[in-house]
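# Structure assessment
Chain by chain, the residues:
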Amino acid sequence: MHPFALSRADDPAQAIAAQERDAGLAFIAGGTDLIGLIKDRAALPERLLDINCLPGMAGIEPLPGGGLRIGALARMSDVAADAQVRRHFPVIAEALLAAASGQLRNMASMGGNIMQRTRCAYFRDEDELPCNKRRPGSGCAALHGLNRNHAIFGWSEACVATHPSDLAVALAALDAIVIVRGQAGERSVPFGDFHRLPGRTPERDTALERGELIVAIEVPASTEACASHYLKVRDRQSYEFALVSAAAAVALDGERIRSARLAMGGVAHKPWRLAAAETSLRGLSLGDSNGLRSAIAASFTDARPLAHNAFKVELAQRAALRAIVTAGTRA
Ligand SMILES: Cc1cc2nc3c(=O)[nH]c(=O)nc-3n(C[C@H](O)[C@H](O)[C@H](O)COP(=O)(O)OP(=O)(O)OC[C@H]3O[C@@H](n4cnc5c(N)ncnc54)[C@H](O)[C@@H]3O)c2cc1C
Ligand code: SF4
């Protein structure tokens, strides 16, 4: 095990300053991803700063207008069980409950969840196989290797990994905002801009800069959010990362879709919003399966499957269809 020093932060400004000036220091919340990364030698911080005692970061508070501010240190279990989340944002509660195991959810924080790193086996493996995310410039073993679990959208020659968080897919569908605090104060990052596509720098997963701390995630209220659903397809039901997943939210006029939000997991380096499908779904009846299928297909014309994951193109469209129909039954 890589040795590290552990200390505890009780002041956010000091924690942020410490991380900005020290490249060997990492924040630790639940530790459920970071400790695994250290064991796999995919992260080798020399100092861990425990942020669990930072004040005001664990609550779930209503926002004016019906939205919610969820503290970055709120535990996944607590958010999934929260009455307001379950009633007004069921897609968030369902995504959380579909993730990891009960024990992990009790430890794992909301901020840590959206910061977790890819489960690409080459990235997590100690072997010296090429991985640009683990060792920038070394190549990508998955591009022509085992890539069944990898991306079908937005990948680059440098990296074909997917983002593993279920929660992030739900937050992307709901246009959540990540509240980030740095030395210069707070900034709001729209969820769609928080995670990055790999491009030539796959070692960077997010828009977070060194010396920035996620303090909260804000979820705006919407009619669609109340009628929402998360569907996850995985190799085993007990606990497993998504092969593909769909977060859907709809507003209806009678039986017809007035507006829809659709985001997918397991298909790209970041949660993948189906913008073309959202436009095409407007005005369709929930009972019009063929129409819904064609509308969803509008977002798959630019799918680029790899050697082992062409099945995801069909699977993802079926998941999106089921998620939309189930969400519609809640409207
Ligand atoms: C066996 C197993 C199965 C899993 N299955 C799933 C699954 O199916 N779906 C799913 O979504 N997840 C799954 N997970 C991942 C799990 O949800 C994450 O490990 C967890 O959410 C991370 O939260 P944490 O608080 O433990 O983060 P930590 O491990 O403490 O931190 C993770 C990263 O986030 C950074 N960080 C933490 N908090 C902040 C903050 N406030 N600001 C800035 N940076 C921060 C840390 O520095 C670190 O880089 C699984 C994990 C395991 C071990
Ligand atoms: S897909 Fe990304 S994480 Fe996986 S081996 Fe390639 S560069 Fe590494």
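### Notes on the overall build of the protein
From N to C terminus, the protein includes 14 helices and twelve strands. The C-alpha extent of the protein, read off along each of the three principal axes, is 60 × 50 × 35 Å. Counting over 331 residues, the protein shows a buried share of 56%. Here the protein has roughly 14200 Å² of accessible surface; of this, 51% comes from carbon and sulfur atoms. The average position of the 38 basic charges and that of the 35 acidic charges among the side chains of the protein differ by 3 Å.

### Here we look at the packing of aromatic side chains
This model, assessed by the stated rule, comprises three aromatic pairs. The rings of Phe153, Trp272 and Phe300 are connected pair by pair, giving a single aromatic cluster. The residue whose ring lies beneath Arg236 is Tyr239, and the NZ or CZ to ring-centre distance is 4.9 Å. Between Arg304 and the ring centre of Trp155, over which it is positioned, the NZ or CZ distance is 3.9 Å.

### Let's talk about the pairing of strand S11 (residues 256–265)
The buried fraction of S11 is high, at eight of ten residues. When strand S10 (residues 244–253) meets S11, the two strands line up antiparallel, connected through nine bridges. Bridge pairing in S11 places Ala251 opposite Ser259. Linking S10 to S11, which pair antiparallel, is a turn of two residues; within it Gly254 sits at a positive phi near 65°. Where S11 meets strand S12 (residues 272–273), two bridges bridge the pair, whose relative direction is antiparallel.

### Let's talk about the site of ligand 2
Taken together, 15 residues form the shell around ligand 2, and within it Cys120, Cys131, Cys140, Cys159 and Val160 come nearest. Of all the cavities here, the one that holds ligand 2 is the largest cavity. Of the residues belonging to the shell around ligand 2, the class tally is twelve nonpolar, two polar and one charged.

### Remarks on the sheet that holds S10
The four strands are arranged S9-S10-S11-S12 in an open sheet whose pairing can be described as antiparallel. Single-partner strands in this sheet number two, and they are strand S9 (228–233) and S12. Against the sheet, helix H14 (residues 311–329) makes contact with S9, S10 and S11, and its axis sits at roughly 35° relative to S10, the strand it touches most.

What counts, and where the lines are drawn
Residues numbered from 1 in each chain as written. Chains lettered and ligands numbered in written order. Predicted model: local features only at pLDDT ≥ 70, side-chain atom pairs only at ≥ 80, totals over all residues. Heavy atoms only, no water. Helix = DSSP H or I, 4+ residues; strand = E, 2+ residues; numbered from the N terminus. Buried < 20%, exposed > 50% of the residue type's maximum accessible area, 1.4 Å probe, protein only. Areas by Shrake-Rupley, 256 points an atom, 1.4 Å probe, with all protein chains shown as cover. Lys, Arg positive; Asp, Glu negative; His and termini not counted. Charge placed at Lys NZ, Arg CZ, Asp CG, Glu CD. Phe/Tyr/Trp six-rings, centres within 6.5 Å; stacked < 30°, edge-to-face > 60°. Lys NZ or Arg CZ within 6 Å of the ring centre and 35° of its normal. Pairing = 2+ DSSP bridges. Near = heavy atom within 4 Å. 1 Å grid on protein atoms, 1.4 Å probe; cavity = no way out; pocket = protein on both sides within 12 Å on 5 of 7 lines; lining within 4 Å. Sits in = over half its atoms within 2 Å of the grid points. Nonpolar A, V, L, I, M, F, W, Y, C, P; charged D, E, K, R; others polar. Contact = heavy atoms within 4.5 Å. Axes fitted to C-alpha atoms, helices over the stretch in contact; angles between N-to-C directions.

In short, shape yes, function no, at least from these values alone.
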